[in-house]
Structures are given as structure tokens and as C-alpha cells.
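Below, each chain spelled out in residue letters.
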Amino acid sequence: MELQPKEKCFGCGACGAICPREAISFSPDKEGFLYPSIDAQKCVSCGLCQKVCPVGKEIPLAEGYPKAYAAKHKSGEVLYRSSSGGMFTALSDLWALHQGGTVYGAAFDRDFQVHHLRAQDAAGRAKMRGSKYPQSRLAPEVYHALEQDLRSQKDVVFSATPCQIAGVRSYLACKKVPLEQILFVDLVCHGAASPAVWRSMLQAVSEKYGALKEVSFRAKDEGVSVHLLKLVTASGDITQKAKKEYAFYNVYSSLCMMRPSCYSCPYSSLKRQGDFTIGDYADLKRQHPDFFCEEGVSSLLVNTEKAEKQVVKLRQEAELLSVPLAEVMQQNLEMPTKCPAQREKFWSCFAREGWDGLQRHYGRLSFTRRVIFHVIVPLCRKLGIYNLAVKIYMKKS
Ligand SMILES: Cc1cc2nc3c(=O)[nH]c(=O)nc-3n(C[C@H](O)[C@H](O)[C@H](O)COP(=O)(O)OP(=O)(O)OC[C@H]3O[C@@H](n4cnc5c(N)ncnc54)[C@H](O)[C@@H]3O)c2cc1C
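Everything quoted here is computed from the prediction, not taken from an experiment. (Residues numbered from 1 in each chain as written. Predicted model: local features only at pLDDT ≥ 70, side-chain atom pairs only at ≥ 80, totals over all residues.)

## Some points on the site of the ligand
Then, number 1: Residues in contact with the ligand amount to 32 residues; listed here are only the nearest, Ser-82, Gly-105, Ser-159, His-190 and Gly-279.
Then, number 2: Counting residues per element, the ones that place at least two in the shell around the ligand are helix H4 (87–95), strand S4 (102–108), strand S6 (156–160) and strand S11 (276–280).
Then, number 3: Broken down by class, the residue content of the shell around the ligand amounts to 12 nonpolar, 17 polar and three charged. (Near = placed C-beta within 6 Å. Helix = DSSP H or I, 4+ residues; strand = E, 2+ residues; numbered from the N terminus. Nonpolar A, V, L, I, M, F, W, Y, C, P; charged D, E, K, R; others polar.)

## Section: the sheet that holds S6
Then, number 1: What the eight strands build is an open sheet, ordered S5-S4-S6-S7-S11-S12-S3-S13; its pairing is mixed. The strands lining the two open edges of the sheet, one partner per strand, are strand S5 (114–119) and strand S13 (318–323). Averaged over all pairs of adjacent strands, the angle between their axes in this sheet comes to 25 degrees, without regard to strand direction.
Then, number 2: Examined bridge by bridge, S4 and S6 share three bridges and lie parallel to one another. Counterpart to Tyr-104 in the pairing with S6 is Phe-158.
Then, number 3: Lying over the sheet, helix H7 (residues 162–174) contacts S6 and strand S7 (182–187), oriented at roughly 135 degrees with respect to S6. (Pairing = 2+ DSSP bridges. Axes fitted to C-alpha atoms, helices over the stretch in contact; angles between N-to-C directions. Contact = placed C-beta atoms within 7 Å.)

## Digging into the domain arrangement of the protein chain
Then, number 1: What the domain assignment lists for the protein chain is domain 1 (67–192 + 259–333) and domain 2 (195–257 + 334–364).
Then, number 2: One C-alpha centre belongs to domain 1, the other to domain 2, and the line joining them spans 24 Å.
Then, number 3: Tallying the contact residues gives 26 residues for domain 1 and 19 residues for domain 2.
Then, number 4: Residue composition of the side of domain 1 that touches domain 2, grouped by class: 10 nonpolar, 13 polar and three charged. (Domains from an automatic or database assignment.)

## A few points about helix H15 (residues 343–363)
Then, number 1: If you check H15, its first and last C-alpha atoms are just 15 Å apart, much less than what 21 residues at 1.5 Å a residue would give, namely 30 Å.
Then, number 2: The principal kink in H15, of about 130 degrees, is found at Glu-353.
Then, number 3: Three or more residues of H15 are buried, namely Phe-346, Phe-350, Trp-355, Leu-358, Gln-359, Tyr-362 and Gly-363.
Then, number 4: Looking at the buried positions of H15, the neighbouring elements they touch are helix H8 (195–209), helix H9 (239–245) and helix H10 (248–252). (Expected span 1.5 Å × (residues − 1). Bend = angle between axes of the 7 residues up to and from the residue. Buried ≥ 20, exposed ≤ 12 C-beta atoms within 10 Å, placed from the backbone.)

Below is the structure:
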């Protein structure tokens, strides 16, 4: 059996989950992304792994969709704990938890590695809140638990990147699992970052400051327009101290550490895989100053009839403002992240010198990039013209 070439594989894990002989296993490459390999001794060439692979099988939305909203949760506490407007919490309450159902989403493990987990209550779901930029592992057991939940007629919310949802949809279709009780929520996605780089940075941080107790990629302590990586150890909050030495966002912004398939992502478009799509609403302040809120607002795309039927109920949990689709469009709804020319150099540096090398070469921004990331980007976010500025920049480059 031949699987997808490496540069196309999303790492969704559907092939491993469906294999009846457990012949497919996943191991990380030097960038830390998981890829499947087949044990020829166990493989019976049934072809299910090829059938389930979602690569190249994207389906456009039905006519009239998506419909766009600005959306914010009514609870200030939820807004504070979520990356944007808390729509994941609103949708998972509405569709699943209030009905005794289950929620699937990405959470940290004890070592702050990112995995998809299943939750049956608010405490479990709370761990899934917030964006985590490294690619989350979607293990076969998660697929199997989801299948079991749906066969036992539970209401389920499954939240993930669109490529992961494509894998899950394809798995459920191959297994002929009814989909009435599942609500898919996908993310606008800039690209999934390398788990190996993340692990290497965490190791460097804990060697210097002690074991980490809390990590948040999008802490709102300095306002929603600042993407703040919060790091807390047993001896306290080291965010400010670690900011310069462990400048994860500077390294991430080189765009070199995305999974290779992200650079040709078919879902950086309106071929949405979720019933709903959630993302940041960067330019709201300029477009709808009355709806703007410092604690964060999500952009919400309603992609299917099933989702549209939930909009009235959703208003119990969240405030919604219908907006023209053009207003929420952003780079990763139009085109994938560009593969930078220095990507190979980046990975040679990581192989040679690990996090320290990346920090030295990519963590300190040049003067121009400092002005862009520390002055222009925050200013554009504050003024609500971020997406507009990115569009102009992309057209010029
Ligand atoms: C890798 C990544 C790239 C993103 N890129 C963009 C972007 O370019 N533009 C944009 O507008 N928004 C982007 N987002 C989405 C954005 O950051 C918020 O997650 C989104 O606005 C939802 O916020 P919320 O307040 O509604 O929900 P939150 O409560 O913050 O929920 C976040 C949801 O994201 C899921 N999630 C978190 N990390 C991962 C992960 N690693 N893999 C899969 N699912 C995950 C969780 O399961 C949860 O359901 C990205 C998110 C991720 C994870």
C-alpha cells in the first residue's frame, strides 16, 4: 500500500485509526511531525488506508454558505480564558455538554505537549480552551472513542484544524457512522507548528527556571491584541523574564516551523470542513466599534444548514452580529501560508544547535522585523486594520 507523499500528508491519523490489522503506526520525523508507516508483515492490502485519506478530496460548501458573524460569549470569565470570543465554549455547551454529550478538542498533557482529548464535563472541556500552536496529536483511540460515542447516540462537538476534521469526517463516512449528532467546529488556521521545536524550547525553559506549571499561548494579560505566551513555574510567573530568551513567537513568525502540508493547505480557503468555523476577528474595532470588546471577539462562519439551525439557540450563550463575509476574510481563508526560502536552513540550524540555535538566529528580530512585529502589527490590531494590512502586504509580496 502506498500512502501520501510526505509533503501532502496532514498527519490527521485517519489511516492508522481505520486499519483493521493495526498495521499503521506513527513516528515523528526530525521536525517532530508524525507520519504513518505500514508494517508490511501485517498489511493485507485491503486499501482502507487509501480510501480514508482525505488528501485531495475536499468538497466545496453548499450554495449560500458561509454566513459570517462577529460573536462573543456573554461571560467575561469565558472570554478571558478563550483565545478570541469564546465560541468553542458556547458551541460545546449548547450542542454537547448541556445534553450530557461529549466534546473533543486539543489540550496539553502534563509535559505541555498537545493532544486531542475527549471531555464529558465543563472541567475537561476547559482544558481544551485556548489556541495551542504545535500540531495536536489525533491518536487512533480518539477516533475509536468518537465512533463509540456516536454509535451510542451521544451529542458530540469535535473541534480541530480543518485538515484533522477532514480526516475524522472521512473516517466516519468509511465506517458508515451516522453524523446527525456531531457538530464539527474547525479553526481558521495559519499552520500547525513543530512539536519538536516546542518541546526543545520547553526543555530549555525548565532547565533554567524549573518545571512549568502553566502555559498559555494567548494569555490576555496585556490585552487581546497582544499574542502573549504565558509561562508559569512553581516559583512564579516568568513570562516577562522569558520573553526575550524564549521568543517562541519570533521563531514561529519566521514561518519555517509549519508542517510541510500547511504550505499547500487546501483548507486555507472557503472549503470549510466544520459546520462552524471559528477564528480571530482582527478588524472589528474599525468595522463595528460598538460591538468591539477588549476581552476578544471571534469571527464565526456558519457553513452548513445544520449550523444555521443552531444560530438562534447560540444567542442564549453569545452575542452575535451578522456581518458581510468580506469583512471576516483573512489571509488563511484565501491562501495558505507561504513556504519561506530559508526553511531548509532553519531545520539544519535546529538539527545542529536545537532551540538555542533557533533562538540565536530567528529569535531576535532584525530592526525591520522589530518595527513590523512590535510597532506596526500591534498598532494595526489596535486600530482594527490588521487583516487589511496583511492583504495589502500579501498582494505586494
Ligand atoms: C494552529 C492554530 C492556528 C491558528 N491560526 C489562526 C489564524 O491564522 N487566524 C485566525 O483568525 N485564527 C487562527 N486560529 C484560531 C484562533 O487562535 C482561536 O482558536 C479561535 O479564534 C477560537 O477561539 P475561541 O475563543 O472561540 O475558542 P477557544 O476556547 O480559544 O478554543 C480554541 C479551540 O481550538 C482548538 N485547538 C487549540 N489548539 C489546537 C491545535 N493545536 N490543533 C487543533 N485544535 C486546536 C481547541 O480544541 C479549542 O476547541 C488558530 C488556531 C490554531 C490552534
